[in-house]
Amino acid sequence: MARVQRGDREGAFALLDAADELLAGRPSTPVHSLSVVQRAGLHGRVGEWERTRVLLEGVALTAEVAPRTRCLLHLNLGLTYQFLGRYHDSDVRLRRAHQDAVALGFPDLAAAAVHNRGRLQLLLGNLPRALALMEQARELGDALLPPAAALDRARVLTEAGLLDQALEMLEEGAAAARAGGVAHDVAEADLERARIALLRGEVTEARRWASRAERRFARGSESAWTVRASLLRLQAEMLEGRRPRAVATTLDRLVAGPAAASAVATEAAVLAAEANALVGRTEAARAHLDRPELRRPTTFSLRLQRTLALAELHDAEGRPDLVRRELRRGAHSLAVEQARHTSLDSRTAVALHTRRLRDAHLDHALATGSPAQVFSATELWRGVSQRLPPLVSSPDVELARLTADARRLHAEAFDTPDAARRSALEARAREAERAVARRDWEQHRAGGTGTEERAVTVSALRPLLEGARAGLLSLFLHRDVLWAVTVDPSGARLTRVPGGDRVVEVAARLRADITTRRLALGTPLHEVVERSMARSVGVLGDALGPVLPRSHRLVVIPSASLASFPWRLVPGIRGRIVTVAPSATFWARRSTPPGQGSPVQRVVSLAGPGLSRATTEAEDVARVWGPDVASAAGSRGGVASGEQLRTALRDATVVHVAAHGVHQDESPLFSSVVMGDGPVFAHEFQRTGVGAEHVILSSCEVGRTHVRTGDEALGLTASLLATGVRTVVASVGPVGDEDAHAVMAAYHRVLAQGLDAAQALDLATAGVEEGRLFCAYGADWAPAPDDAA
């Protein structure tokens, strides 16, 4: 084993041959069966799984088989059956291996059996269960598992779309492999880096990593693994447009023999089908897609890849109706997969695998020149998770404990004046956050489905806009070009926004200036920042002006790069009634119809610590609504606890929070508002349940959003919308305490008169410049007329 791990396959088998010579002619001993299991293990290590199966199944379980060898036999057969697609047999053997290992006292084999059961769940497409089992194996004894276990965990995270976490895990496994001189695992790490680069659209980088892995495997005479690396390299070349016919021909050859021998026949056939479709070889593409093993591919990513190959085939055949059908199926598959996840993190992350399908759909729609088709394509793929029922998860005691640890560490770091201690506490808090995230990813609702709402079309949207006297601006970035679809009651138009890259760049600078302006108050830098902001909003007004609808009320569906943008500062938008929605579908399905409203049963306003005006603001808000429905919840001098906030979000209709807020781009689900006992994190809302319809966050920057592929949003505001809140009012930048207090008191006075959130905010912020950093997110919400004060 040591030799094969260093890449010396011939030397490894030579040692086993020598051992067998020593055993020849001798009575059966435990060493005989051990030798067969070792030989089978080496064949498996280099990817010769059929040979492995024959050897292992040939071992008779007699009394001469040592207990540890018996466990190894079940364990290795369980892994072998996975590569051969015999998943039920794999589960049976791995459960037996775990049972025997526990009974006989082999903790390393028990951990390996649990880990490989997790690997089986990955192949079956059950990612939460795969993560849970692998983490359980790690807890049984991380030091007992080989470096390859970290690579398997990285694969699960990659399949789940959690690429940053996957890269961390990958580096951990690669470092251990390099330290131990395990050449095979180093090559596998290169292969996984190639896969991650492909998912990120870094095609040239993917080809470089795949080629490197291919060379490493070839040097070790590992033909099966060499084929796997070749497939990834060829996929990268196909996406680069390099040698398209030669790539298709090479893939045909691999499918015909080497891929099947390497247990990657399904992956190879899907890739060969797409490559042939792209060069017009439709018969060859069809033949690959008709292979029996492609009818029910197991992993989510492979199912999507097959859908894309079918769409490319229909496109080559000149059948646009079938192209659209397959692309719609892909979006439905995404919704089905997301519904199986009860973690907002993993639910939104899996959309990463749809990037190429979304791009193909937009290419197809843009080629028609039809605004309606382009709008439908963007809506079909935009924030698919938001079309599912609101996210609600079961309580989890361990997750609650881990979250409490993170909250305590953050609170201690916030309170300590010692910089060194604060830094140490923040590092421990980040580690606690990672533990929370791991536990969160593992949660799974068995048999979860969820009913997906249909994406809204232009024809369905127009009468809704007419009733609301509104126009809609939908922006999207495709292949580095910024596009706009403008919809109003009269119709829709499609426009390429000139200088789209400049718009994105200036928007980023404006966001930075907004933060700097507050810090620069009272210094010479303040005037410089103000001038920079004026230039930025001028550029943005010039660029976006031509694509804006003429209506006074405006619904904005931003592109990912403009999600955290101060829309109400931009000339042409400034002074309008603005709602920023995650999708047109969200706005259409959840907005209060004009003239109607939602019954307000309870209003709760809460104050956090460290803000001089927070308690007064909370009391002022409660007074607006009156004692019959409103209360200013608090303890310890008027400061509310995290539990009071969670209870209010669960039970009240309207919740107002005056507290410090933090948006974390690196860990958006740990964006938070600070209450009396520490921060309340965005990810907690999915666990406690949210019944509130309207939430107002009088906090700095918590209106900001981190957007993943598929326009799947994360952050405090996005998390509230995902858990059922219809409208959130929040700011994308720092607002002075006095301005925030004035705006919020006025806002609730107007809202309580029966106006909707966006209208009330427009009136409340008149004459308050920083108040324009607040915006209404989600849908248009208003209290019922009977509730108006």
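1. Observations concerning the overall build of the protein chain
Next up, step 1: Scanning the protein chain for helices and strands turns up 34 helices and 16 strands.
Next up, step 2: Taken against the 2.2 N^0.38 rule, which gives 28 Å for 789 residues, the C-alpha radius of gyration of the protein chain at 29 Å falls within 12% of a compact globule.
Next up, step 3: For the protein chain, the spread of C-alpha atoms along the principal axes amounts to about 100 × 65 × 50 Å.
Next up, step 4: Across the 789 residues of the protein chain, 58% fall into the buried class.
Next up, step 5: Carbon and sulfur atoms provide 52% of the accessible area of the protein chain, an area that totals close to 30500 Å².
Next up, step 6: For the protein chain, the separation between the mean place of its 98 positive charges and that of its 94 negative charges on side chains is 4 Å.

2. Here's the deal with the nonpolar core
The tendency in soluble globular proteins is for nonpolar side chains to be buried as a group.
Next up, step 1: Core analysis: the largest hydrophobic core is formed by 93 residues, its most contacted members being V655 and L697.
Next up, step 2: Considering every element that reaches this core, the biggest residue donor is helix 33 (residues 737-751), with seven residues.
Next up, step 3: If you look at the next biggest cluster of nonpolar residues, it comprises 27 residues, including V264, A268, A275 and L289.

3. What to know about empty space enclosed by the protein
Next up, step 1: According to the stated counting rule, one finds three cavities of 30 Å³ or more in the structure shown.
Next up, step 2: Estimates place the volume of the largest cavity at around 210 Å³.
Next up, step 3: Lining the largest cavity are 17 residues, and of these A563, A581, P582, T705 and A713 sit closest to its centre.
Next up, step 4: By residue number, the principal contributor to the lining of the largest cavity is helix 32 (residues 716-722), which donates three residues.
Next up, step 5: Along the lines of polarity and charge, the residues of the lining of the largest cavity split into eleven nonpolar, four polar and two charged.
Next up, step 6: Within this model, the second largest cavity holds a volume of roughly 80 Å³.
Next up, step 7: Along its surface, the second largest cavity is lined by 13 residues, and S385, Q386, L388, P390 and A722 are the ones closest to its centre.
Next up, step 8: Secondary-structure elements contributing two or more residues to the lining of the second largest cavity are helix 20 (344-349), helix 28 (584-590) and helix 32.
Next up, step 9: Residues of the lining of the second largest cavity, tallied by class, amount to eight nonpolar, three polar and two charged.

Parameters and conventions
Residue numbers run consecutively from 1 along every chain, following the written order of its sequence. In keeping with the model being predicted, local features are shown solely for residues with a pLDDT of at least 70 and side-chain atom pairs are shown and tallied solely at 80 or more, while totals for entire chains, interfaces and linings include all residues. By convention in this description, side-chain values take in all heavy atoms of the structure and omit both hydrogens and water. Put simply, DSSP marks the helices as runs of H or I at least four residues long and the strands as runs of E at least two long, and each gets a number from the N terminus on. Every radius of gyration here is taken over C-alpha atoms, with the globule rule written as 2.2 Å times N^0.38, N being the number of residues. Under the scheme applied here, a residue whose accessible area is under 20% of the maximum for its type counts as buried, over 50% as exposed, and between as partly exposed, the area being computed with a 1.4 Å probe on protein chains only. Exposure was quantified through the Shrake-Rupley algorithm and a 1.4 Å probe, taking into account, for residues, occlusion by the shown protein chains and nothing else. Under this rule, positive means Lys or Arg and negative means Asp or Glu; His and the chain ends count for nothing. Here the site of a charge means atom NZ of a Lys, CZ of an Arg, CG of an Asp or CD of a Glu. Only buried residues count toward a nonpolar core. Its members are Ala, Val, Leu, Ile, Met, Phe, Trp, Tyr and Cys residues joined through side-chain atoms within 4.5 Å. Cavities and pockets were defined on a 1 Å grid built from protein atoms only: a cavity is a group of points that admits a 1.4 Å probe but offers it no way out, a pocket is an open group of points flanked by protein on both sides within 12 Å along at least five of seven lines, and a lining residue is one with an atom within 4 Å of any such point. Grid points are joined across faces, edges and corners, and a volume is the space filled by probe spheres set on the points. Gly is put with the polar residues, along with every residue not named as nonpolar or charged; the nonpolar set is Ala, Val, Leu, Ile, Met, Phe, Trp, Tyr, Cys and Pro, and the charged set is Asp, Glu, Lys and Arg.

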